[in-house]
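# Reading the structure
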Amino acid sequence: MVFAAPGEALARAEAVLGDRPPPLHASVAHQVIGIWQRDFGDMRLALAHLRRARTWAARADSAEREADVLATLGVALVHAGRTRQGMDALGRGVERGTGHTRARVLFRRAYSWWVLGHHKEALEDVRRAIPVLRQADDVIWTARALTLRATVHLALGSVERANADFTAAEALWDTTGQEHDKADAVESRGLAAFRAGDVPAALRLLDEAEERYAKLGTPTFMLDIRRCEVLMAAGLAAEALAEADAALRALDGIGGQSTRKAELLLAAARAARLAGEPQTAIARAALAVRLFAGQRRTWWETHARLVLIGARHAAGRGSGRLVADAATVAEKLAALGAPAAPEASLLAGRIALELGWTADAERHLAVAARSRRGGPPLARMTGWAAQALRAQAAGSARGVLEACRRGLDVLDDHRMTLGASELRARATAQGAELAALAQRASLVSGGPRRLLVWSERWRATALSAPPARPPADPALLSGMTAYREIAARAEEARMEGRPVPALEREQRRLEREIRSRTLHMRGEAPGGGDRFDVGRLLARLGNETSLVELAVLDGRVQVLLCGRGRVRRFEAGLLAAAETEAEHVQAGLRRLAHPGAQARLPVVEAAGRRLEELLLGPAAAHLGDGPVVIVPPGRLHRVPWALLPSLRERVLSVSPSASSWLRAKETAPPPGGRQVLVRGPGLATGGAEVPELAGRYGGATVLEHDDATVPRVLRELDGAGLAHIAAHGAFRADGPLFSSLRMADGPLIVHDFERLDRSPYRIILSCCDTARFAAVGADELLGLVTALLPLGTAGVVACSAPVNDAAVVPLMVALHMGLGAGLSLAEALRDARAALPGDAVHRATGWAFSAFGAA
């Protein structure tokens, strides 16, 4: 019962012991309590009860009972880090038991071999156990043995064999009431899906397993480790680190298994390294190495050493000793049959290359490069990264570009299996090194055109195809409705000065549930979207429009000026300096949003001049007189481009990528061109421009007061030609897809927009912070605007800073006058700025708004 109904089994075992049982029954009861404490509680109590169980088994004079208890005790000792004692106990159990009992003991010894990383021995023991268990018609233990064999196969990279065993085990579990084992089977299938490269399925199955464990009230430390692994592959390293650290605290709190503690430390170290926290990674990995060594777990210790070496390298500690250590780890991993061996060879080669040891680098990189030919996507990526570094060392720009192209193609295929826009964006981080290598090679050998192609190759790729449509999942839909209601109640309570901790807790819970369900979505679009064509871009730009793409190489801004049939390159300033200046500008705009800050205007304008020098450099003198499209890197998304002197009086638009601008330029407006005007609650001006615009547009749909609910607004926005939304905007840096516009019934979030069949052709967001984004992945942006662009929107006007509500009204009225005269959004916004009064508040308001896209 202990894995069917753990709580009930524990209670019944304690009841048996309270009734002066005979030795045989006492042995079973102590064993049950020991198993419960071993897997769900305190290891010290587990060992005490299991030793009593062995003593009572000896008094009962039952060799079979004693063999069974020795097996359970052996597993507990291994988990407590007492490896030699544990394996000795298991060996005695194999000797004492016969037939069916001996097969169960062999299974437990196979499990312990797996925990220790001795996969060959594990497979041998489980191979001997399965036929006996099947012959005895022992469904539960046969299913456990098949599940274990599948898990060992996964550790060795044999996904197909693992899936066959998982399928056979699941068919057996369906005939039993072993609820904990069933949850474990779902968890194992999640691991198999991940090993096969299916991240959404892995997340879905791990979440399902967690729900099953929660019903049983059992801890989930192994699941936590596996989820961390999947989260890291999905680009969510910071989230994985937080989860691993939380699990470590919980494990320490109950005095849990030492083996699990070491594995959690390894997961935390990996996550910290990927999250850019090398010192944290070093601390976690060093402790994991010590624990694994003490537990005699060579497989695990070697993996922990790989992470420790990688973290030391990331912290800037490159040395010959580190090359030797990485090479030794690579050899050990290869001897153990571990799929991570190429990663260690790549690390050794990379460090050797940095030291100028080209012969050593070539030897290690050649070994790593072999993995490019097969295996899961991330293993092939490792191989192509090694091949690119080999070509770079050999001075072959063509070889670098070919390897980078092939590697990014692999990642494209993987990325497009992800349905959620967040996962697509974050997954690009794994291609950042290849993209940077290709850009450097292009700069050296290929001229501005080739650099432009490679700048585009890995920029804003999450926008290259619409995200998967969120499923018509009743639980997801009801969760989003509940989220809106709770968020609206919390906002109302805050405005009234009432405490809201309970509402905020429930809001966070619903956010986790909504996000979890959206991450489960699989991608549907084949390939990685259209390939960028420089000729097509130049043809669309013609002789009047200039497109300025800013690439960043080794921390310096490279300006690629496209137009009039050619691409020219200029070198500008340092990215870090530009980011600092952009923050100063944002602070200045916030001050200017309030009356009485007129004296700050010259300071903000001077910062704009410095920004221009850093971002455009000598290219500013070559822009011509026509419209300009700015394509900035993700880290410069908050620059108010209209503040830069050479752009101030121009028709100016912004785009996340040249490819995105081309798609917007070639997007046809919908037939009919319906206009939708929305006015949300709580605006200082009451959304004063909306009634005036309603009179201007005549037949427009106006949603305000109680009509401005999320379901109604979404229904009207779908397929509209023009939408204007006057509502409070809130940007969520901690969860950009929960950035919102406040409607009558609560927040309209980015996840809601993703449910549209076609977002409005043009959309104007006349509220603060709607053009703020979270920069994630290699060069991706998550936020309101970037959610709309892949869904059919060709142009957006939005704001990157807090603005004065009263000053927004004349800007918006003037903007719509321009649209009514047939102008584009960028043209109308330029004219609207010029029509505003010349005081600081109105000028700052105009600078804060940008036109995105090409409509």
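Above this note sits the structure.
The structure presented is a predicted model; accordingly, all values stated were derived computationally and were not measured.

## A few points about the overall build of the protein chain
- The number of helices and strands found in the protein chain is 37 helices and 16 strands.
- In terms of its C-alpha atoms, the protein chain occupies a principal-axis envelope of roughly 100 × 65 × 50 Å.
- Burial statistics for the protein chain: of 855 residues in total, 59% are counted as buried.
- Long-range pairs, those at least 24 residues apart, make up 70% of the contacts in the protein chain between residues at least 6 apart in sequence.
- In the protein chain, 109 side chains carry a positive charge and 95 a negative one; their mean positions are 5 Å apart.

## Here's the deal with the nonpolar core
- Among the nonpolar cores identified, the biggest contains 130 residues, and Val199, Leu333, Cys404 and Leu423 are the most heavily contacted of them.
- Once residues lying within four places of it in the same chain are set aside, the contact partners of leucine 423 are Val199, Leu203, Ala234, Leu236, Leu418 and Leu519.
- Judged by nonpolar contacts, the second largest core, of 109 residues, contains Val548, Ala578, Leu765 and Trp847.

## Side note on the sheet that holds strand S10 (residues 740-743)
- Pairing is antiparallel in the open sheet, where three strands are placed in the order S9-S10-S11. Across the chains shown, the open sheet's two edge strands, defined by having one partner strand only, are strand S9 (729-730) and strand S11 (746-749).
- Sheet topology note: the S10/S11 ladder contains four bridges and is antiparallel. Of the residues in S11, the one forming a bridge with methionine 743 is glycine 746.
- Running at roughly 130° to S11, helix H25 (residues 474-495) makes contact with S10 and S11 of the sheet.
- In this fold helix H32 (residues 710-717) packs onto S10 and S11, with an angle of close to 30° to the strand it touches most, S11.

## Quick word on the environment of glutamate 485
- Relative to the elements of secondary structure, glutamate 485 occurs in helix H25.
- Exposure remark for glutamate 485: the relative accessible area of 46% places this residue in the partly exposed category.
- Counting along the chain gives 260 residues from glutamate 485 to aspartate 745, while the straight-line C-alpha distance between them is 6.7 Å.

## Considering the side chain of glutamate 187
- Considering the arrangement of structural elements, one finds glutamate 187 in helix H10 (residues 179-195).
- Here glutamate 187 is in contact with Leu206, Ala209, Tyr213, Met222, Leu223 and Arg226, once residues within four sequence places are set aside.

## Remarks on unusual backbone geometry
- Residue arginine 20 is not a glycine yet carries a positive backbone phi of 50°.
- One non-glycine residue with positive phi stands out, namely arginine 564, at about 55°.
- The class of arginine 564 is partly exposed, set by a relative accessible area of 34%.

## Considering the environment of valine 534
- Within the fold, valine 534 resides in helix H27 (residues 534-541).
- For valine 534 and alanine 304, which are 230 residues apart along the polypeptide, the C-alpha to C-alpha distance reads 46 Å.

## Observations regarding helix H20 (residues 377-393)
- The terminal C-alpha atoms of H20 lie 24 Å apart, and with 17 residues this matches the ideal 24 Å at 1.5 Å per residue to within 8%.
- Among all positions of H20, only Pro377, Met381, Thr382, Gly383, Trp384, Ala385, Ala386, Ala388, Leu389 and Ala391 are buried.
- The secondary structure elements touched by the buried residues of H20 are helix H18 (341-354), helix H19 (358-369), helix H21 (397-415) and helix H23 (432-445).
- After H20 finishes, the residue glycine 395 shows a positive phi value of roughly 75°.

Thresholds applied
Residues numbered from 1 in each chain as written. Predicted model: local features only at pLDDT ≥ 70, side-chain atom pairs only at ≥ 80, totals over all residues. Heavy atoms only, no water. Helix = DSSP H or I, 4+ residues; strand = E, 2+ residues; numbered from the N terminus. Buried < 20%, exposed > 50% of the residue type's maximum accessible area, 1.4 Å probe, protein only. Contact = heavy atoms within 4.5 Å. Lys, Arg positive; Asp, Glu negative; His and termini not counted. Charge placed at Lys NZ, Arg CZ, Asp CG, Glu CD. Core = buried A, V, L, I, M, F, W, Y, C linked by side-chain atoms within 4.5 Å. Pairing = 2+ DSSP bridges. Axes fitted to C-alpha atoms, helices over the stretch in contact; angles between N-to-C directions. Expected span 1.5 Å × (residues − 1).

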